[in-house]
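Reading the structure
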Amino acid sequence: MPLPEGVSVLALVSVFIIGVGVLLHIVGLATPEWSALHEGGASGSFGLWKICSDDNIRGQICKEYSSEETHPEDFLNSIRACEAFAILGMLASVLGLALAAISVLLPMMGKPKNAMFPVISLAGCGASFVFILIAIVVWGAKVHADYLEKLTLKIGYSFILSIIGGILIENNSKMPLPEGVSVLALVSMFIIGVGVLLHIVGLATPEWSALHEGGASGSFGLWKICSDDNVKGQICMEYSSEQNYPEEFNDSVKACDAFAILGMVASFLGLALAAISVILPIVGKPKNAMLPVISLAGCGASFVFILIAIIVWGAKVHADYLEKLTLKIGYSFILSIIGGILIGVGGVLAFIANKGVSYIQ
């Protein structure tokens, strides 16, 4: 059948596939099988909200996670992090789907299109993909691998559904873009945003160095040192000169804190100006050639600050002061490395996307 004027096949297909992705993620979010156990006579599953076991007489028995059931506090924190990011992914995907659908419905109703809707829809779908990806990575690295390592587990169907849903939401959010907005500019803004988010998570979480040796386990972060207790779970405390740390050790940690925070602040500047460069043509305003230059400077400075924090931690804290311990690089350290690289790359792409823009007269 002929489509109404102003409605493209691509727009309809995008709405349909985003909708399928949202549905798959909701099913994955709600069902209790992100990790599955099928070994010998034992079978069960672990989901975001419940742990289930199969009984030959009563069938599947599920119960919610609870600190009263001697689950380690760090395990429960990892579960809660997965829940939070999975829910954020669902909310962002619903926003992206709603605005994509409205962009299709407006011309059908004879209403003028709103240039901001497809851009916000794309941002919502991109954010959804990132949130779902973080939930998947945390589950795979912390819950499935670390805490359930003694069990012979397989990836469950709920986990797979959320992966497929996230991919569909991101890869099919290609609504027609307003004039003056390039795909490269949007991609660069998205990359910077992901980098900023990863660095913030790395900055806030307490595992820049991790200890897992014999019966002892713990971690060292920018702000806290944590130890794992079989009864109380993870116990964290802030660094303090009263804890007999060498003054030079405390100075090195404070230097890492300072440069990591400077990296975060500079990345905010780079992201904000990259976003403004995209929004200006959408609202009918002329582009300002200084914005991508300052955005590049902010992203570049952020990369340098994060790099300094990483080098100081690796060379002074991890290698020098913790040399007597058998440590591994922690996930927080890795997240900040990846975040810093993405911020730098995104800043360069944002500058290239706006190359050749004339100064406002």
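Computed from a prediction, not measured in an experiment: that's the story for all the values here.

A few words now on the UniProt feature "transmembrane region" (unreviewed entry) in the protein chain. Mapped onto the present numbering, the UniProt feature "transmembrane region" (unreviewed entry) falls at residues 7–27, 84–107, 119–139, 151–169, 181–201, 258–283, 290–313 and 333–353. The span residues 84–107 is 100% helix and 0% strand, and its two end C-alpha atoms sit 36 Å from each other. Between the end C-alpha atoms of residues 258–283 there is a gap of 37 Å, over a span that is 96% helix and 0% strand.

According to the stated counting rule, one finds one disulfide in the structure shown. Cys52 shares a disulfide with Cys62; S-S distance 2.0 Å. The S-S bond linking Cys52 to Cys62 shows a torsion near 110°; that makes this disulfide right-handed. Here Cys52 is found in strand S3 (residues 50–55), whereas its partner Cys62 is found in strand S4 (residues 59–64), with ten residues between them in sequence. Given the relative accessible area of 5%, Cys52 is considered buried. Residue classification places Cys62 among the partly exposed residues on the basis of a relative accessible area of 33%.

What follows is about the environment of Leu203. Locating Leu203 in the fold gives a position in helix H5 (residues 183–204). For the pair formed by Leu203 and Trp223, sequence separation is 20 residues and the distance between their alpha carbons is 8.7 Å. Apart from the residues within four sequence positions on either side, Leu203 is in contact with Leu222, Trp223, Ala260, Ile261, Met264 and Ser336.

Moving on to the side chain of Ser209. Tracing the backbone through its elements, the reader meets Ser209 in strand S6 (residues 209–213). Under the relative-accessibility criterion, Ser209 is labelled buried at 0%. Polar side-chain contacts of Ser209 include one of 2.9 Å to the side chain of Trp313.

On to the nonpolar core, then. Within the largest apolar cluster, 34 residues are counted, with the highest numbers of intra-cluster contacts made by Trp34, Leu48, Tyr65, Phe75, Ile79 and Trp139. Within the residue set of this core, elements represented by two or more residues are helix H1 (9–30), helix H2 (73–108), helix H3 (116–147), helix H4 (157–171) and H5. Those residues in contact with Ile79, other than ones at most four positions away along the chain, are Leu48, Tyr65, Trp139 and Val143. Counting 25 residues, the second largest nonpolar core, distinct from the first, contains Leu211, Val253, Ala274 and Ile343.

This part takes up the packing of aromatic side chains. This model, assessed by the stated rule, comprises six aromatic pairs. Pairing Trp34 with Trp139 gives two aromatic rings, centres 5.5 Å apart and planes at 65°, and the pair type is edge-to-face. With Trp34 in the loop between H1 and strand S1 (35–39) and Trp139 in helix H3, this pair connects stretches of sequence that are 105 residues apart. Trp139 shares its class with Trp34; the two are buried. Between Trp208 and Trp313, the ring centres sit 5.6 Å apart and the planes meet at 65°, which makes this aromatic pair edge-to-face. With Trp208 in the loop between H5 and S6 and Trp313 in helix H7 (residues 290–321), this residue pair connects regions lying 105 residues apart in the sequence. Taken as a pair, Trp208 and Trp313 share a single burial class, namely buried.

Parameters and conventions
- Residues numbered from 1 in each chain as written.
- Predicted model: local features only at pLDDT ≥ 70, side-chain atom pairs only at ≥ 80, totals over all residues.
- Heavy atoms only, no water.
- UniProt positions renumbered as here; feature names shortened; annotations may be inferred.
- Helix = DSSP H or I, 4+ residues; strand = E, 2+ residues; numbered from the N terminus.
- Disulfide = S-S within 2.5 Å.
- Buried < 20%, exposed > 50% of the residue type's maximum accessible area, 1.4 Å probe, protein only.
- Contact = heavy atoms within 4.5 Å.
- Polar contact = N/O pair within 3.5 Å; in protein donor to acceptor, adjacent residues only side chain to side chain.
- Core = buried A, V, L, I, M, F, W, Y, C linked by side-chain atoms within 4.5 Å.
- Phe/Tyr/Trp six-rings, centres within 6.5 Å; stacked < 30°, edge-to-face > 60°.

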